[in-house]
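# Reading the structure
Single-letter residue listing:
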Amino acid sequence: MTGPTSSSIDRDEVARFEAIAATWWDPAGPMRVLHRFNPVRLAYIRDAACRHFGRDPKAPFPLAGLTLVDVGCGGGVLSEPLARLGARVTGLDPAPTNVKVAQAHADAAGVSVDYRARTIEDVVAGDERFDIVLAMEVVEHVVDMPAFVATACRAVKPGGLLFSATLNRTLRSYALAIVGAEYVLGWLPKGTHDWDKFVKPHELIGAVEAGGLSVTDTTGVVFNPLDGSWRASRDTAVNYMIAARRA
């Protein structure tokens, strides 16, 4: 297999995440915040997809038969539970070590996920399209956000959905997501985020709409320091998610 190709890849970002690839599934390791955040984004994707495709979110496999690509899947922390909900999941990551970790974990758990050390640009160039495209916690790590989002939008089938989650570029996000999370509390490795790459909601929405999709929802996600949980909120000053559809 040849290496992934893309003008949107930030090689330094890829190397940073590949260096900690073995810790993806450690709930007490560097990815522990992601593990606590995961139930919120999983429920958001499941419920919005079920509304859109006319499914019952309480069914055992509510996403059965739907094709889904998780762009920048890392170690598969989101890909794997979505596959358990019945989706036919493809996980893409430009870091080969991440893909190996993700595939090994899925194989051990008996969950079917098609992991590839490829980029969304590679997949779109091969004319693959999906019912659901995910770009979760990835747009703040690419070198050209509008170009990346445009390609992700191209991967959405007619009648399909795009989901994205990222960090807003505000003073509060700098204080909490970088100073607090990386330097004071040590939740994330130092250097995980670059505040200049954070994306304001209107910037992400503009890029998605330029890609031919209509944004149907914007939801914030906030942290509760009392119990260490995350929940959906109207507050988009730090973390937020969007859903969009192709007509």
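Quick note: structure is the one above.
Throughout what follows, the structure given in this document is the object of discussion. What you see is a predicted model; the values in this text were computed from it and never measured. (Residues numbered from 1 in each chain as written. Predicted model: local features only at pLDDT ≥ 70, side-chain atom pairs only at ≥ 80, totals over all residues. Heavy atoms only, no water.)

## Comments concerning the nonpolar core
To be explicit about the condition: Here, the term nonpolar core denotes a set of buried Ala, Val, Leu, Ile, Met, Phe, Trp, Tyr and Cys residues that are joined through side-chain atoms within 4.5 Å. The rule is simple: take the accessible area with a 1.4 Å probe, protein chains only, and divide by the maximum for that residue type; under 20% is buried, over 50% is exposed, in between is partly exposed. Secondary structure elements follow DSSP: runs of H or I of four or more residues count as helices, runs of E of two or more count as strands, with numbering from the N terminus. The contact criterion used is simple: two residues touch if any of their non-hydrogen atoms lie within 4.5 Å.
Within the largest apolar cluster, 38 residues are counted, with the highest numbers of intra-cluster contacts made by Leu-63, Leu-82, Leu-134, Met-136 and Phe-163. The set of elements that each furnish at least two residues to this core consists of helix H2 (32–53), helix H3 (79–84), helix H4 (96–109), strand S4 (130–136), strand S5 (156–167) and strand S8 (239–245). Here the element with the most residues in this core is H2; it accounts for nine residues. Apart from the residues within four sequence positions on either side, Leu-134 is in contact with Ile-45, Leu-68, Val-69, Asp-70, Val-71, Leu-78, Leu-82 and Phe-163. Counting 28 residues, the second largest nonpolar core, distinct from the first, contains Phe-130, Val-139, Val-142 and Val-208.

## Side note on the environment of Gln-103
As for its placement among the helices and strands, Gln-103 is situated in helix H4. Residue class for Gln-103 comes out partly exposed when judged on its relative accessible area of 23%. Sequence spacing of Gln-103 and Phe-53 is 50 residues, and the spatial spacing of their C-alpha atoms is 28 Å. Contacts of Gln-103, omitting those with residues within four sequence positions, involve Val-113 and Tyr-115.

## A closer look at the side chain of Thr-67
With respect to the helices and strands, Thr-67 occurs in strand S1 (residues 67–71). Judged by relative accessible area, Thr-67 falls into the buried class, the value being 10%. The contact partners of Thr-67, leaving out residues within four places of it in the chain, are Arg-88, Arg-129, Phe-130, Asp-131, Ile-132 and Lys-157.

## Quick look at the pairing of strand S7 (residues 229–233)
Basically, it comes down to this: Strand pairing requires that DSSP identify at least two bridges connecting the strands.
The pairing of strand S6 (residues 214–224) with S7 spans five bridges and is classified as antiparallel. Note that in S7 the partner of Val-221 across the bridge is Ala-232. A loop of four residues connects S6 with S7, the two strands running antiparallel in sequence, and Gly-228 in this loop sits at a positive phi of about 75 degrees.

## Description of the pattern of salt bridges
Rules: The term salt bridge refers to a pairing of a side-chain nitrogen on Lys or Arg with a carboxyl oxygen on Asp or Glu at a separation within 4 Å.
Evaluated as defined, the whole model comprises nine salt bridges. A salt bridge links Arg-84 to Glu-80, with the shortest nitrogen-to-oxygen separation between them at 3.5 Å. Of the two residues, Arg-84 and Glu-80 are both situated in helix H3; the distance of four residues between them amounts to about one turn of the helix. A salt bridge links Asp-235 to Arg-172; the nearest nitrogen and oxygen atoms lie 3.1 Å apart. Linking Asp-235 in the loop between S7 and S8 with Arg-172 in helix H7 (residues 171–184), this pair joins segments that are 63 residues apart in sequence.

## Let's talk about the packing of aromatic side chains
Rules: Only rings of Phe, Tyr and Trp enter the pairing, Trp through its six-membered ring, and a pair is recorded when the two centres are within 6.5 Å. The plane angle decides the type: under 30 degrees is stacked, over 60 is edge-to-face, the rest tilted.
Applying the stated criterion across every chain yields a total of four aromatic pairs. Taking 6.0 Å as the distance between ring centres and 75 degrees as the angle between the ring planes, the aromatic pair formed by Tyr-44 and Phe-163 counts as edge-to-face. On the criterion of sequence distance, the pair formed by Tyr-44 in helix H2 and Phe-163 in strand S5 is long-range, its members being 119 residues apart. The two residues Tyr-44 and Phe-163 agree in class, both being buried. Ring pairs connect the aromatic residues Phe-37, Phe-223 and Trp-230, which therefore count as one cluster.

## Quick notes on the sheet that holds S1
Note: strands within a sheet are paired through backbone hydrogen bonds, in either parallel or antiparallel orientation. To keep things clear, this is the line we draw: Here, axes are lines fitted to C-alpha atoms. For helices the fit covers the stretch in contact, and angles between N-to-C directions go from 0 to 180 degrees.
A sheet is described by the order of its strands in space; here eight strands give the open sequence S3-S2-S1-S4-S5-S8-S6-S7, paired in mixed fashion. Two strands close off the open sheet at either side, each with one partner strand: strand S3 (114–116) and S7. Sheet twist, expressed as the average angle between the axes of neighbouring strands with direction ignored, equals 20 degrees. Here S5 runs beside S8; their pairing, made up of seven bridges, is antiparallel. Residue pairing in the sheet places Leu-162 in a bridge with Ala-244 of S8.

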